[in-house]
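Residues per chain, in single letters:
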Amino acid sequence: MENNNGKGIFYGVIGVATLVVAIIGATFAYFSASASNDNVIKGNAATVGLNLAVTKVSTDATGGLIPMNDADVSKGLEGDAATGDKMCVDKNGNTVCQVYEITVSNTGTSTAVVNGTLNITGETFTNLKWQLLDGVSSDGLTTNDTYNPISETTLATGESLAPTSGAATYFIMIWISNLGSDQSAADTGTFTGTVTFNSADGAGISATFS
């Protein structure tokens with residue numbers, strides 16, 4: 001009897017020990033499997049960065065604006081032969097308009113779709129106008145029949161800029177519309193233009209000129 005009990009206790013101890021080893025082995029295998037599961041998803045968030053530059057193109061037109069007929073904006077852009085065909089300078093050497101180049105570029109890593117506005121304000125200007133010129137360079141600019149008063153006006157909608165170096169360029173012309181009568185009280189002082197571009201993700205940039 002005692003031998004049988006001894007054998008029973010011995011086998012019982014062996015059985016418990018085997019169970020403990022099995023549990024430890026299973027636990028080790030679990031942690032081992034967890035430790036080897038090192039596949040990590042990595043990536044970088046795309047960014048959108050905008051750069052904006054406004055440059056005066058009509059550099060020969062240095063005086064204050066005098067009124068110009070809307071029908072003569074093409075002549076004003078071309079200049080007069082009597083004064084060397086200088087942009088925005090009439091035959092008497094007066095400044096009749098101003099032309100600015102606006103360039104917005106994408107410095108980010110994803111395509112940017114932007115909307116742009118131009119807001120012109122002045123001290124006392126009733127007849128100040130501007131238009132978006134046709135053409136892609138100052139040597140190939142032409143006027144059109146679309147005139148805008150001084151206010152916040154759309155400059156561009158849905159302009160797509162490629163990543164890193166995509167850019168879009170616009171040229172605008174500003175002048176005082178001639179009424180054929182004394183405008184000294186209606187159009188005087190200085191004006192300021194604010195160009196603003198915003199992308200779909202909320203990134204925005206603005207620049208001012210005067």
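Residues numbered from 1 in each chain as written. Predicted model: local features only at pLDDT ≥ 70, side-chain atom pairs only at ≥ 80, totals over all residues. Heavy atoms only, no water.

*Asks:* Would you mind showing me how to read the sheet that holds strand β1 (residues 50-56) here?
*Replies:* Through backbone hydrogen bonds, the strands of a sheet pair up, either in parallel or in antiparallel fashion. An order of β1-β2-β7-β4-β5 is seen for the five strands of this open sheet, with the pairing classed as antiparallel. The open sheet has two edge strands with one neighbour each: β1 and β5 (148-149). The pairing of strand β4 (residues 128-132) with strand β7 (residues 167-176) spans five bridges and is classified as antiparallel. By the bridge assignment, Q131 is partnered in β7 with M173. (Pairing = 2+ DSSP bridges. Helix = DSSP H or I, 4+ residues; strand = E, 2+ residues; numbered from the N terminus.)

*Asks:* Can you help me understand the side chain of N127 in this one?
*Replies:* Tracing the backbone shows N127 in the loop between β3 (112-125) and β4. Leaving out residues up to four positions away in the same chain, N127 has contacts with W175, I176, S177, L179, Q183, A186 and D187. (Contact = heavy atoms within 4.5 Å.)

*Asks:* Where do I start with the sheet that holds strand β9 (residues 204-209) in this structure?
*Replies:* Across the sheet, which stays open at both edges, the four strands sit in the order β6-β3-β8-β9 with antiparallel pairing between neighbours. The open sheet terminates on both sides in strands that have one partner only, identified here as β6 (152-161) and β9. Strand-to-strand twist of the sheet, defined as the mean angle between neighbouring strand axes without regard to direction, takes the value 15°. Looking at chain direction, β3 and β6 are connected through seven bridges and run antiparallel. Among the inter-strand pairings, V114 is bridged to a residue of β6, identified as E159. (Axes fitted to C-alpha atoms, helices over the stretch in contact; angles between N-to-C directions.)

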